[in-house]
Amino acid sequence: MQELTHYINGQHVKGTSGRFSDVFNPATGEVQAKCPLASVEEMNTAVAAAQAAQPAWAATNPQRRARVMMEFVRLLNRDMDKLAEALSREHGKTFPDAKGDIQRGLEVVEYCIGAPQMLKGEYTDGAGPGIDIYSMRQPLGVTAGITPFNFPAMIPMWMFAPALACGNAFILKPSERDPSVPLMLAELMEEAGLPKGILQVVNGDKVAVDAILDHEVIQSIGFVGSTPIAQYIYGRGCSNGKRVQCFGGAKNHMIIMPDADMDQAADALVGAGYGAAGERCMAISVAVPVGDETADRLIEKLVPRIEKLKVGPYTAGNDVDYGPVVTAEAKARILGLVETGIAQGAKLVVDGRDFKLQGYEDGFFVGAHLFDHVTPDMDIYRQEIFGPVLSTVRAGSYEEALKLAMDHEYGNGTAIFTRDGDAARDFAARVNIGMVGINVPIPVPLAYHTFGGWKKSGFGDLNQHGPDSFKFYTRTKTVTARWPSGIKEGGEFNFKPMD
Ligand code: NAD
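Everything quoted here is computed from the prediction, not taken from an experiment.

Considerations on the overall build of the protein chain
Helix and strand content of the protein chain: 16 helices and 23 strands. Over its C-alpha atoms the protein chain spans a radius of gyration of 25 Å, differing by no more than 12% from the 23 Å that the globule rule assigns to 499 residues. Expressed as lengths along the three principal axes of its C-alpha atoms, the size of the protein chain is roughly 90 × 60 × 40 Å. Out of the 499 residues belonging to the protein chain, those deemed buried represent 56%. Summarising the internal contacts of the protein chain: among those between residues at least 6 apart in sequence, 72% fall at separations of at least 24.

Below, the structure is given as structure tokens:
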């Protein structure tokens, strides 16, 4: 049995707490590795190494730091297949989807190559007689991030790339379910030229997280995961005086107007609802057709598409639409919610409960499910299912559909499918949700914009990546300088170098 490590101060180190968690191959159900769960002492060792290494990294000019990022991009492309294979093996997502996970992180690294431009600061020449004012963006020091299982490459890179580009040290506590890719990324950063101790990976569970929350040296915490944990980390981190941003769960609605291209809407829903087995925070989990006639047309288009979905292991390459969910517990929870949906009166139009894959009977595969006639009081509507289950809530009017999305406690993403520009503009302007798609089902912004949800999907003032990330990982210092007039020297005729 493979025993995974931590990556502390430039070395793979074995766990010393004696506590481990199982890392599964979700396609076969087998335990393939043991992940060490750090003690407070192990976290303290990493923080001490980060604290010792960070000042020299902060003093390295931003262009040189950017060159490390540039080289890291080259190495990510070089090792893309190896990383994607390790990712699929632990997470279960298809091989092309694993590459997408890495690619969307890589794009944020590319954006961070612009650090010298982003960190330039502000300057007012002559704010008063002989007075200039300038603002600098300085790194925070030691920063940390806690990441979820569903994007084990992308989300760590969304955090550590801007943190490092700004001159911070970063400690990553990845999900204990799929920790191998984060360890590989830390190694690659050092191969790219990052000094030891600047990016470390400490594996663990609540013990490691609490050690981060309470360590006085750690200045900021980024978190992505479920909402109850996001709220806990935001509360405790803020009360300990840290800068904290937390991104939580989601229930993303897609509104389908009567004038939408129904084939396009159905294709979009199938990809956005069932891709990655529904284990995406930007997955569409609620379809809201406006009017019964629209709903009937939509369901008619959806059913054959869903029944044709190919579910299988990542080893089948491009021949699979989605893979298994992450654990047996996740599978049991999803199937439990399907039963609750039926019991509470929703109509199960596509039933995936009996899905079995020959040769992979112990894998965590879940068949695709489609519910119709779901109502807002049902558990399958209120809770994030995080599985291949799409719920249809029929709305009587556009206003009713809009209100539905607005009244839901989550506010990560949403989409509207229509040919009517006025409806689309109205929706984008009024909806209280952080990321909006217009005829785009999964509106994940690109690296140079920012990513973040509203309501119970996001806590904190600043979003991930884009310009916000440079604000989150730096603090502003403003200098007001007065230089009284002195005696000016006479003429100087030689070209002198600056001292
Ligand atoms: P999770 O909340 O179970 O775990 C996230 C992280 O928190 C992990 O590193 C885990 O070790 C740690 N953790 C778990 N329990 C803890 C506890 N009691 N105390 C302290 N730390 C704890 O989430 P997950 O199952 O890994 O990921 C799925 C969730 O993440 C979904 O809800 C999904 O919507 C959300 N998510 C949100 C976004 C976003 O940007 N909003 C992106 C991806 C995933």
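Moving on from the model shown.
Some remarks on the site of the ligand
Taken together, 27 residues lie around the ligand, and Lys-173, Glu-176, Ser-226, Gly-248 and Glu-384 are the ones closest in. A distance of 3.4 Å separates an oxygen atom of the ligand from a polar atom in the side chain of Arg-177. Protein contact buries 88% of the 840 Å² of open area that the ligand shows by itself. Put simply, the parts of the chain that give the shell around the ligand at least two residues each are helix 8 (206-214) and strand 11 (218-224).

Description of the packing of helix 4 (residues 95-112) against helix 6 (residues 154-165)
Contact geometry of helix 4 with helix 6 gives a least axis separation of 8 Å together with a crossing angle of 10°. Our classification of the angle between helix 4 and helix 6 gives roughly parallel. Touching Asp-101, Ile-102, Arg-104, Gly-105, Leu-106, Val-108, Val-109 and Cys-112 of helix 4 are Met-154, Met-157, Trp-158, Ala-161, Pro-162 and Ala-165, all from helix 6. Here the contact of helix 4 with helix 6 is composed, by residue class, of eleven nonpolar, one polar and two charged.

Some points on the side chain of Asp-210
Mapped onto the elements of the fold, Asp-210 is located in helix 8. Not counting chain neighbours up to four residues away, the residues in contact with Asp-210 comprise Tyr-232 and Arg-236.

Overview of unusual backbone geometry
Look at Asn-9: it is not a glycine, yet its phi comes out positive at around 50°. Examined against the element boundaries, Asn-9 turns out to sit in the loop between strand 2 (6-8) and strand 3 (11-13). Classification of Asn-9 as partly exposed rests on a relative accessible area of 38%. The backbone of Ala-276 sits at a positive phi, close to 55°, despite the residue not being glycine. Position of Ala-276 relative to the elements: it lies in the loop between helix 10 (262-274) and strand 14 (284-289). In this structure Ala-276 comes out as buried when scored by relative accessible area, which is 8%.

Section: the pattern of salt bridges
Within this structure, the stated rule accounts for 29 salt bridges. Across the pair Asp-267 and Arg-305 runs a salt bridge whose closest N-O atoms are separated by 2.6 Å. Here Asp-267 is found in helix 10, whereas its partner Arg-305 is found in helix 11 (residues 292-307), with 38 residues between them in sequence. On the accessibility criterion, Arg-305 (22% relative accessible area) is partly exposed. Put simply, Lys-206, Asp-210, Asp-214 and Arg-236 are held in one network by salt bridges that share partners.

A look at the domain arrangement of the protein chain
Structurally, the protein chain comprises domain 1 (2-248 + 457-479) and domain 2 (252-438). Contacts between the two partners involve 21 residues from domain 1, matched on the other side by 25 residues from domain 2. A buried area of about 1900 Å², summed over both sides, lies between domain 1 and domain 2, and 63% of it is on carbon and sulfur atoms. Area buried by domain 1 at its contact with domain 2 is led by Ala-27, Thr-94 and Ser-457, which between them contribute 25% of it. Linking domain 1 with domain 2 are one salt bridge. For Asp-97, the salt bridge is made with Arg-280, and the minimal N-O distance between the two is 3.1 Å. Linking domain 1 with domain 2 are six residue pairs in polar contact (both at pLDDT 80 or more), by the criterion used here. Of all the secondary structure elements, the ones that give two or more residues to the side of domain 1 that touches domain 2 are helix 3 (80-91) and helix 4. Here the side of domain 1 that touches domain 2 gets four residues from one element, more than from any other, and that element is helix 3. Of the residues in the side of domain 1 that touches domain 2, the class split is seven nonpolar, nine polar and five charged.

Re the sheet that holds strand 6 (residues 122-128)
As summarised here, the arrangement of the three strands in space is 6-7-23, forming an open sheet in which the pairing is antiparallel. Edge positions in the sheet fall to strand 6 and strand 23 (474-482), since each has one partner strand and no second. Looking at each pair of strands side by side, their axes are set apart by 20° on average, direction ignored. With nine bridges connecting them, strand 7 (residues 131-139) and strand 23 associate as antiparallel partners.

Considerations on the packing of aromatic side chains
Inspection of the entire model under this criterion finds nine aromatic pairs. When the ring of Phe-24 is compared with that of Phe-364, the centres are 5.7 Å apart and the planes differ by 75°; the resulting orientation is edge-to-face. With a gap of 340 residues between them, Phe-24 in strand 4 (residues 20-25) and Phe-364 in the loop between strand 15 (347-350) and strand 16 (369-372) connect regions that are remote in the sequence. Residue classification places Phe-24 among the partly exposed positions, given a relative accessible area of 23%. Assessed through its relative accessible area of 6%, Phe-364 is described here as buried.

Focus on the sheet that holds strand 1 (residues 2-3)
Note on sheets: strands pair through backbone hydrogen bonds, and any given pair is parallel or antiparallel. Read from one edge of the open sheet, three strands run 1-5-4, paired in mixed fashion. Of all the strands in the sheet, the pair left with one neighbour each is strand 1 and strand 4. Bridge analysis of strand 4 against strand 5 (residues 30-36) gives six bridges, and the strand direction is antiparallel. When the bridges of strand 5 are listed, Asn-25 appears paired with Glu-30. Sheet strands touched by helix 3: strand 4 and strand 5. Its angle to strand 4, the strand with the most contacts, is close to 105°.

Conventions adopted
Residues numbered from 1 in each chain as written. Predicted model: local features only at pLDDT ≥ 70, side-chain atom pairs only at ≥ 80, totals over all residues. Heavy atoms only, no water. Helix = DSSP H or I, 4+ residues; strand = E, 2+ residues; numbered from the N terminus. Rg over C-alpha atoms; globule rule 2.2 N^0.38 Å. Buried < 20%, exposed > 50% of the residue type's maximum accessible area, 1.4 Å probe, protein only. Contact = heavy atoms within 4.5 Å. Near = heavy atom within 4 Å. Polar contact = N/O pair within 3.5 Å; in protein donor to acceptor, adjacent residues only side chain to side chain. Areas by Shrake-Rupley, 256 points an atom, 1.4 Å probe, with all protein chains shown as cover. Axes fitted to C-alpha atoms, helices over the stretch in contact; angles between N-to-C directions. Parallel < 35°, antiparallel > 145°, perpendicular 65-115°, else oblique. Nonpolar A, V, L, I, M, F, W, Y, C, P; charged D, E, K, R; others polar. Salt bridge = Lys/Arg side-chain N within 4 Å of Asp/Glu carboxyl O. Domains from an automatic or database assignment. Buried area = accessible area lost by both parts, 1.4 Å probe. Pairing = 2+ DSSP bridges. Phe/Tyr/Trp six-rings, centres within 6.5 Å; stacked < 30°, edge-to-face > 60°.

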